[in-house]
Structures are given as C-alpha cells and as structure tokens.
Amino acid sequence: MLLAMSTYEMQQWAMIVAGGVVFIGIVIAIVRFLRAQDAIWPACAKKFGIAFREEDGGSFTGPSTRSKILEGNVQGTPVRLVFTHEQSGRMHRRGTRAHARAYAPAQRAFNVQIERGYGFQPHFHAVPTGDPAFDRIVQMKCDVPDAARALVDPNVRAALAALPVGEYALSYDRGEICLSFGRDPSSLQDLEIPLHVVLASARARVA
Amino acid sequence: MMPAPNLQAYVDQLGRAHGFGREHLAMNRAGRLHPSQTSRGRRSGIGCAVFLVLLAILTILGGTGGAAFFYSTLREPVERVDMNAVYAMAGAGVLLSLVFAALAVFQFLSVGKRRRQYDGGGCALAEGPASKTRVRHSRSPDTFHIEVGGHSFTVGAALFDLVTHGAGYRVYHLAGDLLSLEPG
C-alpha cells in the first residue's frame, strides 16, 4: 500500500504524522508542567514539616473558590500559607497569603507595601531602611515608617530581598503577620520565601 | 537618590492621576462639590443610556423592516412556513428592542438618581487604610479597585500605582465616584 502511494500522498501522510507528534508533545509538556506545579505544594509541606490540603467551594455554574493550604508549626511558630483562586463569570481573582504569629506581639497595626525589583522611586510613603544594598532592590512604602523599619530587621530584609520580582503587602496587626501577593506560586521558591519572610518577621521586635 | 515628594507634591501627583486640583480638594474638604465635578458627575452615564436607546431603535427597525422586506419578496399564495419566518424576524426585533429599551430606562433612572445626588452639592468622606485590588478579566483589560472605609472605588492604573496599600487616606466621594483623596 505504501509503495502504491504517490510522492504527494506520502508527503501528506508525513505532515499529518509530524503534526500529530507535535500535538502529542505539546499535550505531554502541558501535563508535565501542571504536575510539576502541583508537586511544589507537597514538596514545600515536607520541607517545612507542615500539612498540605486543598479545598474547593462554590458550584459548577456559579462563583467558585479553589484553595491550596499549607499549615502547621515551624520551630514553634504557627504558620499558614493559602493560595486562593476565585472565579465569578469571567472574573478571576488569585491571591496568596502567608500568615504567622509574632513571638512578642506589639499592640500596633500597620501595613507595608513592598516592591521587589523595580528600583527606588521617590514616593511620599517611601521608607528607606538605611541599608543601601536592600533599598536598591526592595522599596518599602508605609505611613508608619518607624514601625516598618523596626519590623524589617536584617533577617527580614534578607528574606524580602530573596522574593521574586513583584508587589507584596506585609501587614502587622497586633502580632498577626501576613504577607500577601496576587499571583500563583509556580515554583518551590514562591512558597518557601514567603514562609521565610513571615517566620523572620515573627521573630522581629516591633516596639 | 531623588528626595521623596512632600505632602503637597504627593497630593498634586494624586490629583494629576485622577483629575482633581487643589481647588477641588479644598471644596471637598468643606463637604462641597466643585462646579466642574458637578458637571462631570451629571454627564456621567448619559452616553450609555443614549446608546441603548439607539440600539432599541435599530433592533426594532431592523427586525420589522427586515420582516416587511422579506414579506414583499414573497409571492401569493404565501406559504405558512414563510409567514412564520416573517413573524419570527419581526418578533425577535421587537423583543430585542424591548430588552434594550428596558435597559435604557434603568440607565436613565440611574442617571437621574446620580444627578439628584450631584445637584445636592455635598460629598461624603471615607477614611481609613487603603486596600488595593487588581482584578484580572479574561478577554478584557484589568480593573483597579481601591477600598477605603468600607467604600470601594474603581480607579485608573495611574492612581492605583500612586496609592500605598495599607496607608491611611481620606477619600471624598459621591454616588460611588471617587472625587478626590489625600493621605491622612
């Protein structure tokens, strides 16, 4: 049968087979990528010795919420990292929050906006820390500068400097610490570094 | 390293990003509206209402006109199936037109309500830490929202970038519109 084919027919079949191989390759790559993304959660849970679980809420037709949660105690500090994907119609809202409780809670509440990797831009709420190497790569904005400086001690600065490029919000509410950002964690570092930030912040002394 | 802007320079930046000046802010602080804010607020939404009225007219003309044209091309005796098509075209045109007309009525009512609020001449104040949210939409541009004191406002990207998440602000607003704001 193969011999009976004309050159043109054989070229057509070769194109179909090549297209099929490329399509299957793309499908396999997507599946491997999604599996690799899912695998970072149990890997992070194992590394920190905490638990991982997933939660699904909502309905198929209405608004839905999907969450991935890491929770447990790390060196005596309760930590929790939650990724949430809310979908309502064509609107998608994604966010990740890492929480920890300060060792010595101060009766203060403030928020710090953190911009990693955009350079220093003059701003009314800009809070230089006095550490030029840190200030070059991380910009903090806060309306309570003394509290922000007290929170970001050298250990916290080291953790913040390791964050991927992006915008983050670090809040302190009477000892409850939360680092939040609006993207999907796509690598193990996207989970580890926020946990390091809140763990370091939990040890910081906020007067 | 460039110096950080002082309070007045920052308020000016916010004003340029959102379209208000020192005179607008001064009047809003006193609980009043600047005349340009009143005229802008009164105009807002009227374009959408007019567009919906035009859509209602176009759909009724398209549906009934199309049905009339199709009927004129038919030869006697007209088949029942052809008459059904004529009724379907006219009916769909009327139905769509009614939907657009109803939406236009709601829009006009909403514009009327806004106008009454703007005609009152006063504005409200919301105070507290700003919470910033960027909402991503599939197949349409992202939208930027700032929530202060329990009130949520849709703002442009420029103002969104200037506002500090978690910092305290005083927002002067009316009918869901952010008129002006300042740190505090």
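All of these numbers come straight from a predicted model, not from anything done at the bench.

(A) Highlighting the overall build of chain A. Per the secondary structure count, chain A includes five helices and eight strands. Secondary structure elements of chain A occur, N-terminal to C-terminal, as α-β-β-β-β-β-α-β-α-α-β-β-α. Whereas a compact globule of 207 residues would reach a radius of gyration of roughly 17 Å, chain A reaches 23 Å, over 25% beyond that. Along the first, second and third principal axes, the C-alpha atoms of chain A reach 85 × 40 × 35 Å. Within chain A, the proportion of its 207 residues that are buried is 29%. Put simply, 60% of the contacts in chain A that link residues at least 6 apart link residues at least 24 apart.

(B) Expanded view of the nonpolar core. Of all hydrophobic cores here, the largest spans 65 residues; its most connected members are A148, V197 and V198 of chain A. When residues of this core are assigned to their parent elements, the largest contribution, eight residues, is made by helix α5 (residues 188-203) of chain A.

(C) Inspection of the domain arrangement of chain B at higher detail. Split by domain assignment, chain B resolves into domain 1 (7-32 + 123-183) and domain 2 (46-119). Using only C-alpha atoms to locate each centre, domain 1 of chain B and domain 2 of chain B end up separated by 39 Å.

(D) Representation of the pairing of strand β6 (residues 177-183) of chain B. Residue and element names in this part refer to chain B. Note that strand β5 (residues 168-174) and β6 share six bridges and pair antiparallel. Directly across from H173, in β6, lies its bridge partner L178. Here β5 folds back onto β6, and the loop between the two strands holds two residues, one of which, A175, carries a positive phi near 50°.

(E) Representation of the interface of chain A and chain B in the model. Tallying the contact residues gives 20 residues for chain A and 20 residues for chain B. Those elements that provide at least two residues to the side of chain A that touches chain B are β4 (91-101), β5 (109-116) and β7 (166-173) of chain A. Ranked by residues supplied to the side of chain A that touches chain B, first place goes to β5 of chain A with four residues. Tallied by class, the residues present in the side of chain A that touches chain B amount to nine nonpolar, seven polar and four charged. Pairing of β4 of chain A with strand β2 (residues 131-137) of chain B, which is carried by two bridges, proceeds in the antiparallel orientation. If you follow H92 of chain A over to β2 of chain B, its bridge partner there is R136 of chain B.

(F) Quick look at the confidence of the model for chain B. With 98% of its residues at a pLDDT of at least 70, chain B reaches an overall mean of 91. The ipTM, which scores confidence in the relative placement of chains, is 0.71 for this predicted complex, and the corresponding pTM is 0.75.

(G) Seen up close, the packing of helix α4 (residues 46-73) of chain B against helix α5 (residues 80-119) of chain B. All names here are of chain B. At a closest axis distance of 8 Å, the pairing of α4 and α5 adopts a crossing angle of 170°. Considering their axes alone, α4 and α5 lie roughly antiparallel with respect to each other. Classifying every residue of the contact of α4 with α5 by side-chain character gives 24 nonpolar, eight polar and no charged.

(H) Broad picture of the sheet that holds β5 of chain B. All names here are of chain B. Taken together, three strands build an open sheet; the order of strands is β1-β5-β6 and the sheet is antiparallel. Both edges of this open sheet fall to β1 (124-129) and β6, since each of them pairs with a single strand only. Taking the axes of each pair of neighbouring strands and ignoring which way they run, one obtains an average angle of 25° across the sheet.

(I) Representation of helix α1 (residues 7-48) of chain A. All names here are of chain A. Here α1 spans 61 Å end to end across 42 residues, near enough to the 62 Å set by a 1.5 Å rise per residue. Within α1, only three of the 42 residues are buried, leaving the element largely exposed. Along α1, the residues classified as buried are W41, C44 and F48. For α1, the secondary structure elements touched by its buried residues are β1 (51-58), β2 (64-74) and α5. Downstream of α1 by one or two residues, G49 has phi in the positive range, about 70°.

(J) How the structure looks around unusual backbone geometry. Geometrically, the link from E76 of chain B to P77 of chain B is a cis peptide bond, its omega value of -10° lying close to zero. In this structure, P77 of chain B sits in the loop between α4 and α5. Here the phi dihedral of R174 of chain A falls at roughly 50°; this positive angle occurs in a residue that is not glycine. The exposure class assigned to R174 of chain A is exposed, which follows from the 11 C-beta atoms found within 10 Å.

(K) Molecular detail of the environment of V156 of chain A. Residues and elements named next belong to chain A. With respect to the secondary-structure elements, V156 resides in helix α4 (residues 154-161). C-beta crowding within 10 Å serves as the criterion here: with 24 such atoms nearby, V156 is assigned to the buried category. Residue contacts for V156: discarding those within four places in its chain leaves L151, V197, A200, S201 and A204.

(L) Inspection of the pairing of β2 of chain A at higher detail. Residues and elements named next belong to chain A. Relative to β2, β1 is paired through eight bridges, and the arrangement is antiparallel. Its bridge partner being in β2, R53 is matched across the sheet by I69. Linking β1 to β2, which pair antiparallel, is a turn of five residues. Where β2 meets strand β3 (residues 77-88), 11 bridges bridge the pair, whose relative direction is antiparallel. Opposite E71, over in β3, you have R80 as the bridge partner.

(M) Representation of the packing of α4 of chain A against α5 of chain A within the structure. Residues and elements named next belong to chain A. Two elements in contact, α4 and α5, have axes separated by 8 Å at closest approach and are oriented at 165°. Relative to α5, α4 is oriented roughly antiparallel. Note that α4 runs across α5; the crossing there is left-handed. Along its contact with α4, which presents N155, V156, A159 and L160, the element α5 presents I193, H196, V197, A200, S201 and R203. Residue classes in the contact of α4 with α5 are distributed as six nonpolar, three polar and one charged.

Rules behind the numbers
- Position numbers for residues count from 1 along each chain, tracking the sequence in the order it is written.
- Chains and ligands are labelled sequentially in the order written, the chains with letters from A and the ligands with numbers from 1.
- At least 70 in pLDDT is required for a residue's local features to be given in this predicted model, at least 80 for side-chain atom pairs to be given and counted, and no such filter applies to totals for whole chains, interfaces and linings, which use all residues.
- Under the scheme used here, helices are H or I runs from DSSP no shorter than 4 residues and strands are E runs no shorter than 2 residues, and both carry numbers assigned from the N terminus.
- Radius of gyration here is computed from C-alpha atoms only, and the compact-globule reference equals 2.2 Å multiplied by the residue count raised to the power 0.38.
- Residues with at least 20 other C-beta atoms within 10 Å of their own are called buried, those with 12 or fewer are called exposed, and the rest are partly exposed. The C-beta atoms themselves are positioned from the backbone.
- Placing a C-beta atom from the backbone of each residue, one calls two residues in contact when those atoms lie within 7 Å.
- Residues enter a nonpolar core if they are buried, belong to Ala, Val, Leu, Ile, Met, Phe, Trp, Tyr or Cys, and are joined to the set through C-beta atoms within 7 Å.
- Segmentation of the chain into domains, including their bounds, is taken from an automatic or database domain assignment.
- Strands are labelled as partners when DSSP assigns at least two bridges between them.
- Each residue is assigned to one of three groups, with Ala, Val, Leu, Ile, Met, Phe, Trp, Tyr, Cys and Pro labelled nonpolar, Asp, Glu, Lys and Arg labelled charged, and all others, Gly among them, labelled polar.
- By definition, pLDDT measures how confident the predictor is in each residue, and it falls between 0 and 100.
- Axis angles are defined between N-to-C directions and span 0 to 180 degrees, where every axis is a line fitted to C-alpha atoms and, for a helix, only to the segment in contact.
- For classification purposes, angles smaller than 35 degrees are called roughly parallel, those larger than 145 roughly antiparallel, those between 65 and 115 roughly perpendicular, and all remaining angles oblique.
- Expected helix span is computed as 1.5 Å times (number of residues minus one).
- Helix crossings get a hand from a simple test, with the near helix turned counterclockwise from the far one by less than a right angle marking a left-handed crossing and a clockwise turn marking a right-handed one.

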